Amino acid sequence: MGKCIHFVGIFGSGMSAIATYLAGTGVKVTGSDRLDTSADARHIRVCLETAGCGIFPQDGSGVSGQTKALVVSTAIEESNPDLVAAKALGIPVLHRSDVLAQIIQTKKAVVVAGTSGKSTVTAMIFELLVGCGKAPSLISGAALKSLAGPTAIGNSHNGNSDLLIVEGDESDGTLVKYAPYGAVILNLSKDHKPEAEVFAMFETLCQKAGWVIKNRDDPKLDPLSTDLAFGFKGGTYTAKKTTGGLYESCLLVDGHPMSIKAPGDHNASNFLAALAVCQKLGCTLGELARAAKHYQGVDRRFVVSHTKRGITVIDDFAHNPEKIRAAITTAKDFSNRLVVMFQPHGFGPTRFLKDDYAAMFMEVLRPNDVLLLLPIYYAGGTAIKDITSQDLINLMTGRTFRAYAPHSRQDTYGLAVVAAHPGDAILIMGARDPSLPAFIQEIICAIDP
């Protein structure tokens, strides 16, 4: 085997997207992951191997003299056996973002940035461009239903044109490394980092991108100097919201009716952002209206399942306060009563956002709603476990809704099934945990045994 690039933590959504994209260009790719033998991650392994990526145990055995470079993410610790082996052999170590920055320079890349909605807008832009005959490539942090399958994750694609749509992540501060052909900035709220720090990243991206379209409806983005903007309150690209079905967002853009299968006010804004980018890239409104009808959506982004008992189950990737607020607000249209289940991801992020979580739940949940907070998801590493889901509930003083923090997922599972009645909706939210989809299916099966 010739020289190859080795990815440590290759099962991660961002890492697997870059790995499979590079494999699609003919680069030899290997990788390892601590979940390589996990049943929950078996599908990811199959997809990576089908794409041509060689998978090794995370014990250093995948690193050899044939390894040209080792790629890591911020989550990889210095004690990782693959990293130790690479340093012993003098193999260059690259951060995931450095590899992505190099890829961006090879294409007319558009980076999608913002603290909420990145995956959805990335998918919308990609699918609209495909529908308009533009044949783009894709590197995303989430699986697109149009690309996913038994042997494909669906978070990357090698197109035939020079266009590349990239989801840009601000969570580890690496957004500043990208100098794309263009960019769109969706919004700003507290998530992984303080807002001021994220805003500074957006400013750097604006300076390095060829053109930038910002959201004029988000006042926190007002100080950003851009020539282009989208928004319902005006801007270079504007539209009016119109009435549509329960499962779609409908707009009127320069007299053209547009609809896309993605409900909620937040998705109406996401849709307008995608339309703005695609118009900038040469698509006509007529082409876009036709293409939007074929949009299939993103895995775990407000996926609705109906049961025979009349209980609606909704699965969503929401994990920061604003995303959760948007998911709950949209779910209210599906039921007069919600059983909301949320699994916080990571002890550090939960500690950072604890007050924001409590305030958001207090604001959006109704007296008849029920909140179930699962135990905090632990992804491994040296996290300080000094906060629990019960601590979040304790912050919600004076709440009018019932709230519980079960000690185990099995307890949560039982409470959800018992608490929900015909006509209710169960909204399940959480990120990163590969076992969540199977857990959600267990709940659906318990409702309809």
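Look up: the structure comes first, before these words.
Here's what I pulled together on the structure shown here. These numbers come from a predicted model, not from an experiment.

### As for the overall build of the chain
For the chain, the helix and strand inventory stands at 13 helices and 22 strands. Evaluated residue by residue, the chain yields a buried proportion of 55% over its 449 residues. Of the contacts made within the chain by residues no fewer than 6 positions apart, 69% connect residues no fewer than 24 positions apart. When the accessible surface of the chain is summed, it comes to about 18100 Å², and 53% of that surface belongs to carbon and sulfur atoms.

### Notes on unusual backbone geometry
Located in the positive-phi region is Asp254, a residue other than glycine, with phi close to 50°. The residue Asp254 is located in the loop between strand 15 (249–253) and strand 16 (256–260) in this model. We note that Arg300 has phi near 60°; this positive angle belongs to a residue other than glycine. In this structure, Arg300 sits in the loop between helix 8 (285–292) and strand 17 (303–306). Accessibility expressed as a relative area gives 6% for Arg300, which makes it buried.

### Looking at the packing of aromatic side chains
Applying the stated criterion across every chain, the model contains six aromatic pairs. Ring centres of Tyr181 and Trp211 lie 5.9 Å apart, and the angle between their planes is 80°; on these two criteria the pair is classed as edge-to-face. Of this pair, Tyr181 sits in the loop between strand 9 (163–167) and strand 10 (182–185) while Trp211 sits in the loop between helix 6 (195–208) and strand 11 (212–215), and the two are 30 residues apart along the sequence. With centroids separated by 5.5 Å and ring planes inclined at 55°, the aromatic side chains of Phe302 and Phe334 adopt a geometry described as tilted. With Phe302 in the loop between helix 8 and strand 17 and Phe334 in the loop between helix 9 (321–331) and strand 19 (338–343), this residue pair connects regions lying 32 residues apart in the sequence. A residue is classified by how much of its surface remains accessible, and Phe302, at 11% relative accessible area, is buried. Judged by relative accessible area, which is 12%, Phe334 ranks as buried. One aromatic cluster in this structure is built from Tyr247, Phe302 and Phe334. Directly above the aromatic system of Phe352 lies the positively charged group of Lys190, at a separation of 4.6 Å from the ring centroid. Taking NZ or CZ as reference, Arg301 lies 4.1 Å from the ring centre of Phe317, over its face.

### Brief notes about the pattern of salt bridges
Using the criterion set out here, one finds 17 salt bridges in the structure. For Asp369, the salt bridge identified is with Arg366, shortest N-O distance 3.1 Å. What makes Asp369 buried here is its relative accessible area of 0%. Within this structure, Asp36, Arg45 and Glu49 form a network of salt bridges that share partners.

Each value, and the rule that gives it
- Residues numbered from 1 in each chain as written.
- Predicted model: local features only at pLDDT ≥ 70, side-chain atom pairs only at ≥ 80, totals over all residues.
- Heavy atoms only, no water.
- Helix = DSSP H or I, 4+ residues; strand = E, 2+ residues; numbered from the N terminus.
- Buried < 20%, exposed > 50% of the residue type's maximum accessible area, 1.4 Å probe, protein only.
- Contact = heavy atoms within 4.5 Å.
- Areas by Shrake-Rupley, 256 points an atom, 1.4 Å probe, with all protein chains shown as cover.
- Phe/Tyr/Trp six-rings, centres within 6.5 Å; stacked < 30°, edge-to-face > 60°.
- Lys NZ or Arg CZ within 6 Å of the ring centre and 35° of its normal.
- Salt bridge = Lys/Arg side-chain N within 4 Å of Asp/Glu carboxyl O.

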